[in-house]
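Report on the structure
Each chain is listed here by its residues.
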Amino acid sequence: MTGTRIYSGAPFEAMAGYARAVVDPPYVFVSGTTGFDPETLKFPDDVESQCENCFTNIARALAQAGASLHDLVRVRVFVASREEFERIKPIIKKHCDAARPANTTVLAELVEPYMRVEIEATARLTAREQGRP
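Throughout what follows, the structure given in this document is the object of discussion. Fair warning: this is a prediction, and the values are worked out from it, not measured in the lab. (Residues numbered from 1 in each chain as written. Predicted model: local features only at pLDDT ≥ 70, side-chain atom pairs only at ≥ 80, totals over all residues. Heavy atoms only, no water.)

**Observations regarding the overall build of the protein**
Cut-off, in case you're wondering: Under the DSSP-based scheme used, a helix requires at least four consecutive residues in state H or I and a strand at least two consecutive residues in state E, with every element numbered from the N terminus. We compute the radius of gyration over the C-alpha atoms and compare it with the globule rule, which gives 2.2 Å times the number of residues raised to the power 0.38.
Check the secondary structure of the protein and you find three helices and six strands. Reading the protein from its N terminus to its C terminus gives the helix and strand order β-α-β-β-α-β-α-β-β. Expected size for 133 residues packed as a compact globule is a radius of gyration near 14 Å; at 14 Å, the protein falls within 12% of this value. With the principal axes as the frame, the protein shows a C-alpha extent of 45 × 30 × 25 Å.

**Overview of the side chain of Glu 118**
Keep this limit in mind: To sort residues, take the accessible area from a 1.4 Å probe on protein chains only and compare it with the maximum for the residue type: under 20% means buried, over 50% means exposed, and anything in between is partly exposed. Residues scored as charged are limited to Lys and Arg (positive) and Asp and Glu (negative), so that His and the chain ends carry no count. Salt bridges are defined as contacts in which a side-chain nitrogen from Lys or Arg sits within 4 Å of a carboxyl oxygen from Asp or Glu. When checking whether two residues touch, look at their non-hydrogen atoms; a contact exists if any pair is within 4.5 Å.
Of note, Glu 118 is situated in strand 6 (residues 117–124). Here Glu 118 occupies a buried position and makes no salt bridge, while the nearest side chain of opposite charge, Arg 20, is found at 6.9 Å. Not counting the four nearest positions on each side in its chain, Glu 118 is found in contact with Gly 32, Thr 33, Thr 34, Cys 54, Arg 76, Val 77, Phe 78 and Leu 110.

**Description of the packing of aromatic side chains**
To keep it simple, the criterion reads: The rule is short: rings of Phe, Tyr and Trp, with Trp giving its six-membered ring, pair when the centres are within 6.5 Å, and they are stacked under 30 degrees, edge-to-face over 60, tilted in between. Think of it as a cone above the ring: NZ of Lys or CZ of Arg counts as a charge over the ring if it is within 6 Å of the ring centre and within 35 degrees of the ring normal.
Taken as a whole and judged by the stated rule, the model has three aromatic pairs. Between Tyr 27 and Phe 29 the ring centres are 6.0 Å apart and the planes differ by 40°, which places this aromatic pair in the tilted class. We classify Tyr 27 as partly exposed; its relative accessible area is 31%. According to the relative accessible area criterion, Phe 29 is partly exposed, its value standing at 39%. An aromatic cluster is built from Phe 36, Phe 43 and Tyr 114, whose rings are joined through pairwise contacts. One cation-aromatic arrangement involves Arg 124 over Tyr 27; the distance from NZ or CZ to the ring centre is 5.8 Å.

**Some details on the pairing of strand 3 (residues 27–34)**
For clarity, the cut-off: Should DSSP find at least two bridges between two strands, the strands are taken to pair.
As judged from the four bridges shared by strand 2 (residues 21–24) and strand 3, these two strands associate in the antiparallel manner. Bridge pairing in strand 3 places Val 22 opposite Phe 29. The pairing of strand 3 with strand 6 spans six bridges and is classified as antiparallel. Bridged to Thr 33 within strand 6 is Ile 119.

**Remarks on the nonpolar core**
Stated precisely, the cut-off is as follows: Joining through side-chain atoms within 4.5 Å is the link that ties buried Ala, Val, Leu, Ile, Met, Phe, Trp, Tyr and Cys residues into a set, and such a set is a nonpolar core.
One finds Val 28, Leu 62, Ile 88 and Ile 119 to be the most contacted residues of the largest nonpolar core, which totals 29 residues. Listing elements by their share of this core, those giving two or more residues are strand 2, strand 3, helix 2 (47–65), strand 4 (72–79), helix 3 (82–96) and strand 6. If you tally residues by element for this core, the top one is helix 2, at eight residues. Among all residues touching Ile 119, those that are not within four sequence positions of it are Ser 31, Gly 32, Thr 33, Cys 51, Cys 54, Phe 55, Ile 58, Val 75, Arg 76 and Val 77. In terms of nonpolar packing, the next biggest core, distinct from the first, is built from five residues, Ala 10, Phe 43, Leu 110 and Met 115 among them.

Encoded structure:
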């Protein structure tokens, strides 16, 4: 097994046998992240709040790896409907505008009906973050 595994402690990681993120320099690969709120252990009802939670959870995983949303090089957004995509576009822009990562957005039926959005991300560690001068 190569790379360092990062776990958030969310129950889904244990149930499905995956890590929140894998650090394999120079990249950090963040698993598909839903709008689950680790503070309340619930999913908000609205897609906007779920999208904000996705980016909060992605940012936490990246921080554990020594990176941030500014280091994003790729995001994949899975959203339940076209109408909901229109509602989250400004949120995606807010969190991705600085990095301008490559983006793929897919309309998809998610695992549970209360899940409205899931985002997968890849970031690139800088030389400093990789422990190099």
